[in-house]
Amino acid sequence: MKKKNNSKPYTVGGLFSGVGGIELGFLNSGGFEILWSNDNDHPSSVTFKKNFSHNHILLDIHKLEGTTLDPVDVLVGGFPCQAFSVAGYRKGFNDERGNLFFEIVRIISELKYKPKVLLLENVKNFYSHDNGRTFLVVKESLEDLGYCVFSKVLNTSDYTKIPQNRERTFIICFLEG
């Protein structure tokens, strides 16, 4: 999704940005401009601000209003994984953190224009959590917003030079039409 050198870069917005790992990948690939990012974790924001100069909104996502955000071409987010991880209690949507995905849906609905592309990531177990029902709810929620949804579990050791196995569920969505 790289644009030609003489054209405007694609714009990116980030939710649940942490220290900005996903945004950094887009920034380093070229052709992308990060307009804004959001997280509510103060220690992470200190690191984030040392690495980025774009608008960083330190605010609980429940209080973030999509109507106040600049529209973006790509929306990224690594929403909290504790509710789905095999290392946690696996309460899914019965855990307050498990429902934070629906804040992404709310914000997309509030934006002036829906992003053309979504890139969301979570733990490997997200895909199979609750016998696949959790992923199905997420997929249907995104399809209801008008997105084609694709997903795959990827291991960072297969795609990066990071010397560890770190399997993650990646959800890529394209706005239909």
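Values in this document were obtained by computation on a predicted structure and should not be read as measured data.

Enquirer: Before we move on, can you summarise the pairing of strand β2 (residues 32-39) with the specific residues and values?
Expert: A large share of β2 lies buried, amounting to six of its eight residues. Bridge analysis of strand β1 (residues 10-15) against β2 gives five bridges, and the strand direction is parallel. The residue of β2 that forms the bridge with T11 is E33. The parallel pair β1 and β2 is bridged by helix α1 (residues 21-29), and the resulting crossover is right-handed. The pairing of β2 with strand β3 (residues 55-58) spans four bridges and is classified as parallel. Within β3, the position partnered with W36 by the bridge is N55. Since β2 and β3 lie parallel, the crossover through helix α2 (residues 42-51) that links them has a hand, and here it is right-handed.

Enquirer: So what's going on with the side chain of S45? Which residues, and what values?
Expert: By secondary structure assignment, the location of S45 is in helix α2. Judged by its relative accessible area of 2%, S45 is buried.

Enquirer: Tell me what's going on with the confidence of the model for the protein chain, and back it up with residues and numbers.
Expert: Within the protein chain, residue pLDDT values average 84, and 80% of them lie at 70 or more. Across the protein chain, element-level confidence peaks in β1 with a mean pLDDT of 96 and bottoms out in helix α5 (residues 156-159) with 84.

Enquirer: Give me the nonpolar core: which residues, what numbers.
Expert: One broad trend across soluble globular proteins is that nonpolar side chains are buried collectively. Judged by nonpolar contacts, the single largest core of 26 residues is most densely connected at L15, I104, L142 and I171. For this core, the leading source of residues is helix α3 (residues 101-110), giving five residues.

Enquirer: Report on the pairing of β1, specifying residues and quantitative values.
Expert: The two faces of the sheet receive side chains in turn, since in a regular strand these alternate between them. Most of β1 sits out of view: six of its six residues are buried. Side chains of β1 alternate between two faces, with Y10, V12 and G14 and T11, G13 and L15 buried alike. Alignment of β1 against strand β4 (residues 74-77), held across four bridges, turns out to be parallel. Bridging across to β4, V12 finds its partner in V74.

Enquirer: A description of the environment of S151 should follow, citing residues and the corresponding values.
Expert: Assignment of secondary structure puts S151 in strand β6 (residues 147-155). For S151, a relative accessible area of 27% translates into the label partly exposed. Sequence separation between S151 and T169 is 18 residues; the distance between their C-alpha atoms is 6.9 Å. Leave out the neighbours within four places in its chain, and S151 touches Y127, F135, F170 and I171.

Enquirer: Account for unusual backbone geometry, with residues named and values stated.
Expert: Even without a glycine there, the phi angle at F16 is positive, about 55 degrees. Turning to its location among the elements, F16 is positioned in the loop between β1 and α1.

Enquirer: Talk me through the side chain of D39; I want residue IDs and the actual numbers.
Expert: If you trace the backbone, D39 turns up in strand β2. Buried charge without a salt bridge: D39, with K49 as the nearest opposite-charge side chain at an N-O distance of 11 Å. Among the polar contacts listed, one links the side chain of D39 to the backbone nitrogen of S17, at a separation of 3.2 Å. At 2.6 Å, the side chain of D39 forms a polar contact with the backbone nitrogen of G18. Among all residues touching D39, those that are not within four sequence positions of it are F16, S17, G18, H56, I57, L58 and L59.

How each quantity is defined
- Residues numbered from 1 in each chain as written.
- Predicted model: local features only at pLDDT ≥ 70, side-chain atom pairs only at ≥ 80, totals over all residues.
- Heavy atoms only, no water.
- Buried < 20%, exposed > 50% of the residue type's maximum accessible area, 1.4 Å probe, protein only.
- Helix = DSSP H or I, 4+ residues; strand = E, 2+ residues; numbered from the N terminus.
- Pairing = 2+ DSSP bridges.
- Right-handed = clockwise from strand over helix to strand, strands pointing away.
- pLDDT = per-residue confidence, 0-100.
- Core = buried A, V, L, I, M, F, W, Y, C linked by side-chain atoms within 4.5 Å.
- Contact = heavy atoms within 4.5 Å.
- Lys, Arg positive; Asp, Glu negative; His and termini not counted.
- Salt bridge = Lys/Arg side-chain N within 4 Å of Asp/Glu carboxyl O.
- Polar contact = N/O pair within 3.5 Å; in protein donor to acceptor, adjacent residues only side chain to side chain.

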